[in-house]
Structure formats: C-alpha cells, structure tokens
Amino acid sequence: MTQGPQRHTERLTDVVRAAALLRAGELVAFPTETVYGLGADARNSAAVARIFEAKGRPRFNPLIVHVPSLEVARSLAELPDWAEALTAAFWPGALTVVVPRRAALPDIVTAGMATVGLRLPAHPLALELLEVTGPLAAPSANPSGRVSPTTADHVMAGLGGRIAAVLDGGPTEVGLESTIIGGPEPTLLRPGGIPAEAIEAALGAPLRAHAPAANAPTAPTAPGQLASHYAPSGPVRLDALTAQPGEVHLGFGPVAGDVSLSEAGDLHEAAARLFSLLRELDTGAPIAVAPVPETGLGAAINDRLRRAAAPR
Ligand code: TXA
Ligand code: MG
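Residues numbered from 1 in each chain as written. Chains lettered and ligands numbered in written order. Predicted model: local features only at pLDDT ≥ 70, side-chain atom pairs only at ≥ 80, totals over all residues. Heavy atoms only, no water.

Caption draft 1: The arrangement of the overall build of the protein in detail. Secondary structure assignment for the protein yields 10 helices and 15 strands. Here the C-alpha radius of gyration of the protein, 19 Å, is about what a compact globule of 312 residues would show, namely 20 Å. Reported as C-alpha extents along the three principal axes, the dimensions of the protein are approximately 55 × 50 × 35 Å. Scored against the burial criterion, the 312 residues of the protein give a buried share of 54%. As displayed, the protein has an accessible area near 12700 Å², and 55% of this comes from carbon and sulfur atoms. Computed over 24 positive and 30 negative side-chain charges, the separation of the two mean positions in the protein equals 8 Å. (Helix = DSSP H or I, 4+ residues; strand = E, 2+ residues; numbered from the N terminus. Rg over C-alpha atoms; globule rule 2.2 N^0.38 Å. Buried < 20%, exposed > 50% of the residue type's maximum accessible area, 1.4 Å probe, protein only. Areas by Shrake-Rupley, 256 points an atom, 1.4 Å probe, with all protein chains shown as cover. Lys, Arg positive; Asp, Glu negative; His and termini not counted. Charge placed at Lys NZ, Arg CZ, Asp CG, Glu CD.)

Pasting the structure below:
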C-alpha cells in the first residue's frame, strides 16, 4: 500500500470548512446514510488522484460520483429509462446507477470507462456539502481491501494522517454500501442498502444477475467483486450454529453468539451493526458467524460476510 507522508487530519462538524478544503483540492471524508465516503472534487483530476493514493486503491477501479441533485446527475450522464425510474423511486438514497457518461468529468474518475456510477445520498450533512461543492468523487473511506467505515473514528483509524479532514456526522444509519445497478438492461452489480426486491418492484421487472468473472482480479465491469474485499485478519466461518473452541461467535436472531448482529433477528439492525462488529471482533482470532436469511437486506449482509470469509 502507498505510504504518503503523515499529516494532521482535522475532525470537523463545520460543513463550510469541509467544503473549503474540498474546493482547494484536499481529501475530506464525509458521512452518508450508507457508510463514510472519501470525497474529492470530481472535476479536479489531481484531487481525485489523491483518493487512489490515500486508499491504496488500484487505478482501474472506478469511483462513485455523489451529486446534489438529479439535474446535476443528468448533466454528467445519460439516464436511460430504467435509471430515471429508479432514481425517481430511491433518490436521495442507497442506490448507485452506473450509466453512460458524458464528457463532463476527467477520465481518472471512471478509470477510463464509458460509464459513471452516480448517487444522490440521503444524509443532511452530505447534501449540505454537495450543494456547496458540486459533484464529489467518493469511494468508501477505508484503506483498499478493508471494511467500510460507519463512524468518524473508523475513518480516523484507517486514513488518519493521510487525508485533510473527516466531517463527523455520527454513526451511519444503513451501515452497508449502496446497491449498484448497471445496464444496458437493469442488472444488479452489487447488493446493498436497498433490497433487490424493492428495486424489482419499482421496475416492475426482474433484475438481471451480474455474473462476476471468477478469478478475474482486474475485471473492471465487476465492481467491488475482488473476492476478499472485506477481510478481517483472522479466518471467518459462515452459517455457524455453534462456535468451535477458540472461535468468537457472531450471533443473529435465535443463535445468541458471544455478541449479536441483532437479537431480535432484525435485518436493518444487523446491517447497521455489521461493519462495527467485524472491526471489534477483528483481533486475529477466528470468527464464526450465525446464519443470516438471504432475503431483503440479508442478501447484502451475506455478500459482505462471504467476502470476509473468502480465501486470501
Ligand atoms: O454506499 C456507497 O456506495 C459508498 C458511499 C460512500 O457512497 N461508496 C462506495 O464506494 O461503496 P466504493 O468505491 O467503495 O464502491 C463503489 C463500487 C466499486 O466496486 C466500483 O468498482 C464500482 O462501484 N463502480 C463505480 N463506478 C463504476 C462503473 N462505471 N462501472 C462499474 N462499476 C463501477
Ligand atoms: Mg469500498
């Protein structure tokens, strides 16, 4: 991973200060309703390049552009009918659409691809910030390959000393990254904070499933599909009804565990707690995880758990 020089990272609650830093080409992490994003002015290629450096992110992995309004989204990309329908239903919210881009943004944002990922987040601080700055390129604010941050402390632990500031908006509400839909026919590229069932209901048609190219570590059309993208330092075992000696047990619903994603078996609560708990349990000891149903938000929770458990 790239090791930049250490610097002081400001902890902010002041949106005006955060916006001034971003307009000066600095990196500022900010809260969204899903996870914290690491923002840079999307129109400033030098600033965007710093995102890849700070995260140690491969340059072939394109960034999501956060927009303050649907109008700005339309100025950056062509929204096909399915994208108009989905943004009308779910924006502001945990939905990213990957759509044909216009020439408006520097190539580094999209890693040279002909499409751009766009999202209008549903967090008051993010919206206030975007109103002042305009479009911000922002991946999750974690070093590449680590779990996404759901608090400002998580951001500081991973990127403190390498970014100008973090805007602290408290813990994020959803806790999982956005659902990503691409085309040409609406296709689920990444399960996330909005369940696929809700998206299919809004479309009135089934989504196509994205077939991740197995063993294709550089496939740029397979977003976030690097197998061990979310990797605690110890091994992770799934569908565990009981723990084996030495394992710490992450429970769900009736499977109590040592600590639970949600004792009530509530998938929203489990999503909101997942990344925090994975961090807390990341002591090097093996982690056993209780079964989580594959419906609703469970699909995205299981997707992240399978990545955490992937061989590496
Ligand atoms: O909730 C979220 O989506 C958070 C918050 C900060 O908005 N962001 C986030 O960004 O999760 P990131 O960079 O960690 O994940 C975005 C994924 C990446 O896997 C990337 O490959 C994919 O979106 N992506 C972005 N633009 C794409 C494009 N044009 N084509 C295909 N995949 C794209
Ligand atoms: Mg990420």
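Picking up after the structure, the text goes on.
Caption draft 2: Broad picture of the packing of helix H9 (residues 267-280) against helix H10 (residues 298-309). The contact between H9 and H10 brings their axes to 9 Å, and the two run at 25°. Judged by the angle between their axes, H9 and H10 are roughly parallel. Relative to H10, H9 is oriented so that their crossing is left-handed. Across from Leu267, Ala270, Ala271, Leu274 and Phe275 in H9, the residues of H10 making contact are Gly298, Ile301, Arg304 and Leu305. (Axes fitted to C-alpha atoms, helices over the stretch in contact; angles between N-to-C directions. Parallel < 35°, antiparallel > 145°, perpendicular 65-115°, else oblique. Left-handed = near helix turned anticlockwise from the far one by under 90°. Contact = heavy atoms within 4.5 Å.)

Caption draft 3: Spatial organisation of the nonpolar core. Grouped together as the largest cluster of nonpolar side chains are 46 residues, with contacts concentrated most on Leu38, Val65, Leu95, Val99 and Leu118. Put simply, the parts of the chain that give this core at least two residues each are strand S3 (37-41), helix H2 (45-55), helix H3 (70-76), helix H4 (81-90), strand S5 (95-100), helix H5 (107-110), strand S6 (115-119) and helix H7 (152-159). Counting residues per element, this core draws most heavily on H2, at 6 residues. If sequence neighbours within four positions are ignored, Leu118 has contacts with Ile64, Val65, Val67, Ala73, Leu76, Ala77, Leu79, Trp91, Leu95, Thr96, Val97 and Val99. Listed in part, the 27 residues of the second largest apolar core include Leu176, Val236, Phe275 and Ala308. (Core = buried A, V, L, I, M, F, W, Y, C linked by side-chain atoms within 4.5 Å.)

Caption draft 4: A look at the sheet that holds strand S4 (residues 64-66). Judged by pairing direction, the sheet is mixed, and its 11 strands sit side by side in the order S1-S8-S2-S3-S7-S4-S6-S5-S9-S10-S11 without closing on themselves. The open sheet has two edge strands with one neighbour each: strand S1 (10-12) and strand S11 (208-209). Alignment of strand S2 (residues 28-30) against strand S8 (residues 165-167), held across 2 bridges, turns out to be parallel. Residue pairing for S8: Ala29 is matched across the bridge by Val166. Against the sheet, H2 contacts S3 and strand S7 (136-137), and its axis sits at roughly 150° relative to S3. (Pairing = 2+ DSSP bridges.)

Caption draft 5: Structural view of the pattern of salt bridges. Inspection of the entire model under this criterion finds 15 salt bridges. Its salt-bridge partner being Asp153, residue Arg11 comes within 2.5 Å of it at the nearest N-O pair. Here Arg11, found in strand S1, pairs with Asp153, found in helix H7; they are 142 residues apart in sequence, far enough to count as distant. Residue Arg101 is joined to Asp107 by a salt bridge in which the shortest nitrogen-to-oxygen separation is 3.1 Å. (Salt bridge = Lys/Arg side-chain N within 4 Å of Asp/Glu carboxyl O.)

Caption draft 6: Structural detail: the pairing of S3. The buried fraction of S3 is high, at 5 of 5 residues. Residues Gly37, Gly39 and Asp41 point to one face of S3 and Leu38 and Ala40 to the other, with burial holding for every one of them. When S2 meets S3, the two strands line up antiparallel, connected through 3 bridges. Opposite Ala29, over in S3, you have Leu38 as the bridge partner. Two strands pair when backbone bridges link them, and S3 and S7 are joined in this way by 2 bridges, in the antiparallel orientation. Note on S7: the bridge partner recorded for Asp41 is Leu136.

So, to be careful, I would describe these as geometric facts and stop short of saying anything about function.
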